[in-house]
Amino acid sequence: MNNHIMTTYIGRLMDEFVQGGVKEAVVCPGSRSTPLAMLALAHQDIHVHVLVDERSAAFYALGLAKASQSPVLLICTSGTAAANFYPAIVEAHYSRVPLIVLTADRPHELREVGAPQAIDQQFLFGKFVKWFTDLALPEESQMMLRYVQTAAARANHMSMQEPKGPVQVNVPLREPLLPDLSIDPFAREESDTKKVLASGQAFPNDRVMSEIVTALNQSKKGMIVAGELHTQEEKEAVLRLSKALHLPILADPLSLLRNGHENKELIIDAYDSLLKDEALQQHLLPDMIIRFGPMPVSKPLFKWLEKHAEVQQIVVDAAGGFRDPGLSASYVIESTVSAFVEAALNQAEKCEETSFLNRWQNANSSFRTHAARYSDEDLSFEGNVYRQLQHLLPKESVLFIGNSMPIRDVDTFFETQSKPFRMMANRGANGIDGVVSTALGTYAAVKQPVTLVIGDLSFYHDMNGLLAAKLMDIPLTVVLINNDGGGIFSFLPQASDEPYYEKLFGTPTGLNFEYASKLYGGTYSKPATKHELHDVYMAHIDEPGLHLIEIETDRHSRVDMHRQMMDDILEEVKKECLLSL
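Here is a short report on the structure shown in this document. Numbering of residues starts from 1 in each chain and follows the order in which that chain's sequence is written. In keeping with the model being predicted, local features are shown solely for residues with a pLDDT of at least 70 and side-chain atom pairs are shown and tallied solely at 80 or more, while totals for entire chains, interfaces and linings include all residues. Hydrogens and water molecules were not included; the side-chain quantities draw on all heavy atoms of the structure.

1. Considering the overall build of the protein chain
Our working rule: Helix numbers and strand numbers start at the N terminus; a helix is a DSSP run of H or I with at least 4 residues, a strand a run of E with at least 2. Only C-alpha atoms enter the radius of gyration, while the globule expectation follows 2.2 Å times N to the 0.38, with N the number of residues. Only protein chains enter the area calculation, which uses a 1.4 Å probe; residues under 20% of their type maximum are buried, those over 50% are exposed, and those in between are partly exposed. Note on contacts: a residue pair is in contact if any heavy atoms of the two residues lie within 4.5 Å.
The secondary structure content of the protein chain amounts to 22 helices and 18 strands. Whereas a compact globule of 581 residues would reach a radius of gyration of roughly 25 Å, the protein chain reaches 26 Å, a difference of no more than 12%. For the C-alpha atoms alone, the extent of the protein chain along its principal axes is close to 85 × 60 × 45 Å. Expressed as a percentage of its 581 residues, the buried residues of the protein chain come to 59%. Taking contacts inside the protein chain between residues at least 6 apart in sequence as the whole, the part at least 24 apart equals 80%.

So this is what it looks like as structure tokens:
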């Protein structure tokens, strides 16, 4: 094999990726992947991001693809480099994010013979990729150029076909590896047109839709549950259905529905707290539920729906997936959100405002009114951090939310507001790894400041990711909630087993995170009050680079304070909403 043949072959691969919609590539340095990296950089329509840590790079690519909802190339050399992609591939699979993973490999004669940096890369990611192919070695015949072009088109198509997700293209390469850039590697004959593979939209079945509309017309206590949504079109469709039929929307923080519109009266944002009380559970029980997107973050909501399987539940999922963890759905409808809403509104009877909507609105308003009385200057209680943070976020910016306690605290303390900003999180596998890198990757898609709110253990898991903020001048503000350990475990039964809890679950690290900020050339502050938080947050929000805001809290007192506050508020809500009936 000579350089000309390999260059033409890999050039056709890259150009077909571009023809299929790829605009971004995340590259990890390595020898065997030299042709892939250099030809990605040589293509004028591919923007290349270089990250040295494969694990961090994969999550960075995940964030970029998640925010753009477009396929992103992820390139590495042979050997264990690809194995470091695994956690991000798992997350991409479950959160339905389009990634095209290009793993360079040794040629076939160097596999399984003890050659260095050669592992078995066949089906390396198992069922977590939608499609796998092991390319043939480069050849320059027209047949083989059409072959590699077709492989790229299929990879593009499979990553974007609902449900979206990752694919792996394994690329064996022989030496010499340096491409010949004296030729035009992307030149095509007129007959070498791009390949277009297209999927149609999913629409609800007419017979089933008729049954659902009949149930809707008979329902007196209908309700919408909105999990993670990805587009403005989906958001507007859900609001349209709610407004026309006067259905309350229980809106997950990732649903796009808690901010950026003027229909706040339709949004219920305190349902997670309200559903912790059994009397309110009964008071607010629907007779029909339509769910869009995956199950929301809220555990009380999940348990409530699981307990009431008699309530007719309709799950709408364009990807034809089966996201019904409570096994309580009456219908699972393969349809886009817009198509389902259009069909429902064309057939359903219009209705006036219902007492059931008012019931939810009154409970939600009562909760928010009483919760506001518990706000004070002290940030040692984590709820006060979130109450302040929601008002500090700039318009059109991104709030990336860590798993474990941060996503739950956002669910509890963030109120619906008209200011437009986007909330994102890794809720596919719900892991605490790779969160920093994913947050940084979103910036490449949105080009707006990113705020990351994250716990100390999750931050520690991915401090390598901070290098991207330094090298790429990404404006990243990290609000680090440091309770020195695994705070979420304090809410679980194992917290009562004192001899075991602190060593196995509390896991304090005692790290001084100011040094992490210095290592990556960032700013550092440690506010103790809401006013101090306001000042340090606003001082750097638009500046490139890392800005670390560490807030120390006490996980040992947090649980009792949180539960007492909730008990007191819910008692007031019940007095206003139940005793008045």
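That shown, we press on.
2. Observations concerning empty space enclosed by the protein
How we decide: A pocket, in this scheme, is an open set of points on a 1 Å grid over the protein atoms alone with protein on both sides within 12 Å along at least 5 of 7 lines, while a cavity is a set where a 1.4 Å probe fits but cannot get out; residues line either one if an atom lies within 4 Å of a point. Grid points are joined across faces, edges and corners, and a volume is the space filled by probe spheres set on the points. Amino acids are sorted into nonpolar (Ala, Val, Leu, Ile, Met, Phe, Trp, Tyr, Cys and Pro), charged (Asp, Glu, Lys and Arg) and polar (every other residue, Gly among them).
Inspection of the entire model under this criterion finds 1 cavity of 30 Å³ or more. The volume enclosed by the largest cavity comes to roughly 40 Å³. Together, K66, E228, L229, H230, L254, L256, R422, M423 and M424 line the largest cavity. Looking at which element gives the most residues to the lining of the largest cavity, the answer is strand β14 (residues 422-424), with 3 residues. Per-class residue counts for the lining of the largest cavity are 5 nonpolar, 1 polar and 3 charged.

3. As for the sheet that holds strand β12 (residues 331-333)
Counted only if it meets this: Think of it this way: DSSP has to see at least two bridges between two strands before they count as a pair. All axes are obtained by fitting lines to C-alpha atoms, using only the stretch in contact for helices, and the reported angles, taken between N-to-C directions, cover 0 to 180 degrees.
Here 6 strands make up an open sheet; going across it, the order is β9-β8-β7-β10-β11-β12 and the pairing parallel. Every other strand in the sheet has two partners, leaving β9 (267-268) and β12 as the edge strands with one partner each. Two elements, strand β7 (residues 222-226) and strand β8 (residues 249-251), share 3 bridges in a ladder whose sense is parallel. Looking at β8, one finds that V225 is bridged to L250. With respect to the sheet, helix α12 (residues 337-347) is in contact with β10 (288-292), β11 (312-316) and β12, its orientation differing from that of β10 by roughly 150 degrees.

4. Looking at the pairing of strand β3 (residues 72-76)
The side chains of a regular strand alternate between both faces of the sheet. For β3, a buried count of 5 out of 5 residues is recorded, marking the element as mostly surrounded by other parts of the structure. Burial of the side chains of β3 extends over both faces: V72, L74 and C76 are buried on one face and L73 and I75 on the other. Alignment of strand β1 (residues 24-27) against β3, held across 3 bridges, turns out to be parallel. Looking at β3, one finds that V27 is bridged to I75. Alignment of β3 against strand β4 (residues 99-105), held across 5 bridges, turns out to be parallel. The residue of β4 that forms the bridge with V72 is L99.

5. A closer look at the state of the cysteines
Put simply, the rule is: Working definition: a disulfide is two cysteine sulfur atoms within 2.5 Å of each other.
Considering all chains together, one arrives at 0 disulfides under this definition. C76 forms no disulfide, and the closest cysteine sulfur to it belongs to C28, at a distance of 6.4 Å.

6. Structural notes on helix α15 (residues 405-413)
Counting buried positions along α15 yields 8 of 9 residues, so the element is predominantly enclosed. By the burial criterion, the buried members of α15 are M405, P406, I407, D409, V410, D411, T412 and F413.

7. Digging into the packing of helix α14 (residues 382-392) against α15
Where we set the bar: Convention used here: angles under 35 degrees read as roughly parallel, angles over 145 as roughly antiparallel, angles from 65 to 115 as roughly perpendicular, and any remaining angle as oblique. The handedness criterion is simple: a crossing whose near helix is rotated anticlockwise from the far helix by less than a right angle is left-handed, and one whose near helix is rotated clockwise is right-handed.
For the pair α14 and α15, the least separation of the axes is 9 Å and the interaxial angle reads 65 degrees. Comparing their axes, α15 and α14 come out roughly perpendicular. Relative to α15, the crossing made by α14 is right-handed. Taken together, the residues of α15 that come into contact with α14 (itself represented by E382, G383, Y386, R387 and Q390) are P406, D409, V410 and F413. Here the contact of α14 with α15 is built from residues that sort into 4 nonpolar, 2 polar and 3 charged.

8. Here's the deal with the packing of helix α1 (residues 3-19) against helix α6 (residues 142-160)
Relative to each other, α1 and α6 sit at 30 degrees, their axes nearing to 8 Å. The orientation of α1 with respect to α6, classified from their angle, is roughly parallel. Here the hand of the crossing between α1 and α6 comes out right-handed. In this structure, α1 contributes T8, Y9, R12, L13, E16 and F17 to the contact, and α6 contributes M144, L145, Y147, V148, Q149, A152, A153, A155 and N156. In terms of residue class, the contact of α1 with α6 is made up of 10 nonpolar, 3 polar and 2 charged.

9. A word on the packing of aromatic side chains
Quick reminder of the rule: Any two of the Phe, Tyr and Trp rings considered here, Trp counted by its six-membered ring, make a pair once their centres fall within 6.5 Å; the pair's planes then place it as stacked at under 30 degrees, edge-to-face at over 60, or tilted in between.
For the coordinates displayed, the defined rule picks out 8 aromatic pairs. Between F381 and F413, the ring centres sit 6.2 Å apart and the planes meet at 85 degrees, which makes this aromatic pair edge-to-face. Here F381 is found in the loop between α13 (355-371) and α14, whereas its partner F413 is found in helix α15, with 32 residues between them in sequence. By relative accessible area, which is 4% here, F413 ends up buried.

10. With respect to the pattern of salt bridges
Stated precisely, the cut-off is as follows: Salt bridge criterion: a side-chain nitrogen from Lys or Arg within 4 Å of a carboxyl oxygen from Asp or Glu.
Across all of its chains, the model carries 20 salt bridges by this definition. We note a salt bridge from D15 to R188, for which the minimum N-O separation is 2.8 Å. Taken as a pair, D15 in helix α1 and R188 in the loop between β6 (167-172) and α7 (206-218) lie far apart in primary sequence, 173 residues in all. Exposure remark for R188: the relative accessible area of 23% places this residue in the partly exposed category. Between K574 and E571 there is a salt bridge, with its nearest N and O atoms 3.1 Å apart.

11. Some thoughts on unusual backbone geometry
Excluding glycine, most residues fall at negative phi; most peptide bonds, likewise, are trans. Cis geometry marks the peptide bond from E162 to P163, where omega comes out at -10 degrees. Although it is not a glycine, R96 adopts a positive phi angle of roughly 60 degrees. Position of R96 relative to the elements: it lies in the loop between α5 (86-95) and β4. We classify R96 as buried; its relative accessible area is 13%. Positive phi values are uncommon outside glycine, yet N430 reaches one of about 65 degrees. Following the sequence through the fold, N430 ends up in the loop between β14 and α16 (435-446). Of the residues examined, N430 reaches a relative accessible area of 36% and is grouped as partly exposed.

12. Re the environment of I541
Relative to the helices and strands, I541 is located in the loop between α21 (530-540) and β18 (545-552). A C-alpha to C-alpha distance of 9.7 Å links I541 and L392, two positions 149 residues apart in sequence. Excluding anything up to four places from it in sequence, I541 contacts P394, P449, T451, P475 and T477.

13. Observations concerning the sheet that holds β14
Spatially, the 6 strands line up as an open sheet ordered β14-β13-β15-β16-β18-β17, and their pairing is parallel. Here the strands that pair on one side only, and so sit at the sheet edges, are β14 and β17 (523-525). Strand-to-strand twist in this sheet, taken as the mean axis angle between neighbours without regard to direction, amounts to 20 degrees. As judged from the 4 bridges shared by strand β13 (residues 398-401) and strand β15 (residues 450-455), these two strands associate in the parallel manner. Residue pairing in the sheet places L399 in a bridge with T451 of β15. Strands β13, β14, β15 and β16 (475-482) of the sheet are contacted by α16, whose axis makes an angle of about 170 degrees with β15. Each of β15, β16, β17 and β18 touches α21; the most contacted strand, β18, lies at about 170 degrees to it.

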